[in-house]
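For reference, the chains in residue letters:
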Amino acid sequence: MNSKYLGIIGGGQLGMFTCIAAKKRGLKTLVFSDSSEFSAKRFCDEYITGDFNDLEKVDLFAKKADFFTIETENIPLKTLKLIENEKKIYPTSNIVRICQNRLQEKKFINSIKGIKTTDYYELNNFKEFEEKAESLNFRCILKSKESGYDGKGQHRINRENLKEFKNIYFNDYILEKFVYFEKEISVIIVRGNNQIINYPPVENVHKKSILRESFYPAEISKEIASHSVELAKIIAKEINLNGVLAVEMFVLKDSEVIINELAPRPHNSGHWSMDACNESQYDNLIKVICDENLEMPIISNKCKMINLIGDEYNKISELKEKYKCYDYFKKEVRNLRKMGHYIILE
Ligand code: ADP
Ligand code: MG
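None of these values were measured; they are calculated from a predicted model.

### Structural notes on the overall build of the chain
A tally of regular secondary structure across the chain gives 10 helices and 18 strands. Against the globule reference of 20 Å for 346 residues, the chain gives a C-alpha radius of gyration of 20 Å, in line with a compact fold. Along the first, second and third principal axes, the C-alpha set of the chain runs to 65 × 50 × 45 Å. Buried positions account for 55% of the 346 residues belonging to the chain.

### Topic: the sheet that holds strand β7 (residues 140–144)
Spatial strand order, β6-β9-β7-β8: 4 strands in an open sheet with antiparallel pairing. Strands at the two margins of the open sheet, each flanked by one partner only, are β6 (120–122) and β8 (154–156). Taken over all neighbouring pairs, the strand axes of this sheet differ in orientation by 25° on average, direction set aside. Inspection of the sheet shows β6 paired to strand β9 (residues 173–177) by 3 bridges, in the antiparallel sense. Residue pairing for β9: E122 is matched across the bridge by I174.

### Considerations on the coordination of the magnesium ion (ligand 2)
At the metal site, the magnesium ion (ligand 2) is ligated by E248 (OE), E248 (OE) and E261 (OE), and these contacts range over 2.0 to 2.7 Å. With a gap of 13 residues between them, E248 in strand β14 (residues 243–251) and E261 in strand β15 (residues 257–263) connect regions that are remote in the sequence.

### Quick word on the site of ligand 1
Neighbouring ligand 1 are 21 residues, the closest being K143, G151, Q154, E184 and N260. Note that an oxygen atom of ligand 1 is positioned 2.8 Å from one of the side-chain N or O atoms of N260. Out of a free accessible area of 540 Å², ligand 1 has 93% covered by protein chains. Elements supplying a minimum of two residues to the shell around ligand 1: β7, β9, β14 and β15. Within the shell around ligand 1, the residues separate by chemical class into 6 nonpolar, 7 polar and 8 charged.

### Description of the domain arrangement of the chain
Taken as a whole, the chain is organised into domain 1 (5–90), domain 2 (119–177) and domain 3 (181–345). Computed from C-alpha atoms alone, the centre-to-centre distance between domain 1 and domain 3 is 22 Å. Listed by partner, the interface residues are 23 residues for domain 1 and 28 residues for domain 3. Together, the buried faces of domain 1 and domain 3 total about 2,100 Å²; carbon and sulfur atoms form 66% of this surface. Three residues, F17, R25 and Y90, lead the burial of domain 1 against domain 3; their summed loss comes to 32% of the area buried on that side. Our count for the domain 1 to domain 3 interface comes out at 3 salt bridges.

### Considerations on the sheet that holds strand β2 (residues 28–33)
The strand order β3-β2-β1-β4-β5 describes an open sheet built from 5 strands, whose pairing is parallel. Looking at the sheet topology across the chains shown, the edges are occupied by β3 (46–49) and β5 (88–90). Each strand of the sheet is rotated relative to its neighbour by a mean of 20°, with strand direction disregarded. Together, β1 (5–9), β2 and β4 (67–70) form the strand contacts of helix α1 (residues 13–24), whose direction differs from that of β1 by roughly 170°. Seen against the sheet, helix α2 (residues 55–64) touches β1, β2, β3 and β4 and runs at an angle of roughly 170° to β2.

Parameters and conventions
- Residues numbered from 1 in each chain as written.
- Chains lettered and ligands numbered in written order.
- Predicted model: local features only at pLDDT ≥ 70, side-chain atom pairs only at ≥ 80, totals over all residues.
- Heavy atoms only, no water.
- Helix = DSSP H or I, 4+ residues; strand = E, 2+ residues; numbered from the N terminus.
- Rg over C-alpha atoms; globule rule 2.2 N^0.38 Å.
- Buried < 20%, exposed > 50% of the residue type's maximum accessible area, 1.4 Å probe, protein only.
- Pairing = 2+ DSSP bridges.
- Axes fitted to C-alpha atoms, helices over the stretch in contact; angles between N-to-C directions.
- Donors = N, O, S within 2.8 Å, 3.2 Å for Na, K, Ca; no water.
- Near = heavy atom within 4 Å.
- Polar contact = N/O pair within 3.5 Å; in protein donor to acceptor, adjacent residues only side chain to side chain.
- Areas by Shrake-Rupley, 256 points an atom, 1.4 Å probe, with all protein chains shown as cover.
- Nonpolar A, V, L, I, M, F, W, Y, C, P; charged D, E, K, R; others polar.
- Domains from an automatic or database assignment.
- Contact = heavy atoms within 4.5 Å.
- Buried area = accessible area lost by both parts, 1.4 Å probe.
- Salt bridge = Lys/Arg side-chain N within 4 Å of Asp/Glu carboxyl O.

This is the structure:
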């Protein structure tokens, strides 16, 4: 029997884990990577390297696989549309269009009755920026609308650094009110084949805007947990999700839950599902793609996932003696780069 090919745009660790899950279900994988050394290289059946804007290569990629998915939302829309004209892509280009731009994403979320993001402001010029930052008492973060991840493209603004932003193109940014939240949590939804399932909320700890660890169960009340799942499900339905959606949230002091951002793909805060659930977020993405029935994940353990960032990676062989470790096989260790993770099960 000829195996079907799954095309994956992006070859980082999320693409790598998607390849592994696809293989388990008998699919072959074709990765489109924008760098020549990438995590998924040794796990895929074939790959194409090139710029995501190179439509000739994208066309070749589109012809070579049967269906498609992504591991990053930072993909040009024309690339996704070209693929979508020929084959099915999980998630659709429209979902990625909303999630790849913070302004579009926030407008979309706030348009849903009863669901809110942090307060944010569109900016046209430095004067507006200065006035707004002042009126927020410098309780604000300047965020690029596109291409941000792991805190990249974000600046906590204060009186001293304000002037550094005099010459930026303000239409590329939004100003967001800084939130003194109690907790950060995330909920992962999987939707397809007329079914919707979720992983329970996990609690996330960030340092320098980069995820350090996620743990299950989140230390929140049952009410907040079920409310957060409800919110994530509503968003998934409103966006017409086909695939996986991670919803990052802030829990405020008064127990209000507001939405931070969305990722329409497997998420770092869902890595734990590979070790503490019968089916991981990657397995369930593949099930959606293969039109199989979805079932609520069965959870076997309490679990903590800890990222190895930058030179923390040097501890990996020591950690391997005690914990299950995942190496992302990155070519070089870089400051603030996610290099691997390890799992503590209870
Ligand atoms: P990224 O795309 O880099 O993940 P996020 O908007 O999720 O961007 O920001 C990364 C982290 O920075 C968040 O998880 C949170 O810890 C912190 N952060 C972002 N926005 C705010 C905010 N408005 N108030 C307080 N902390 C924030
Ligand atoms: Mg985030």
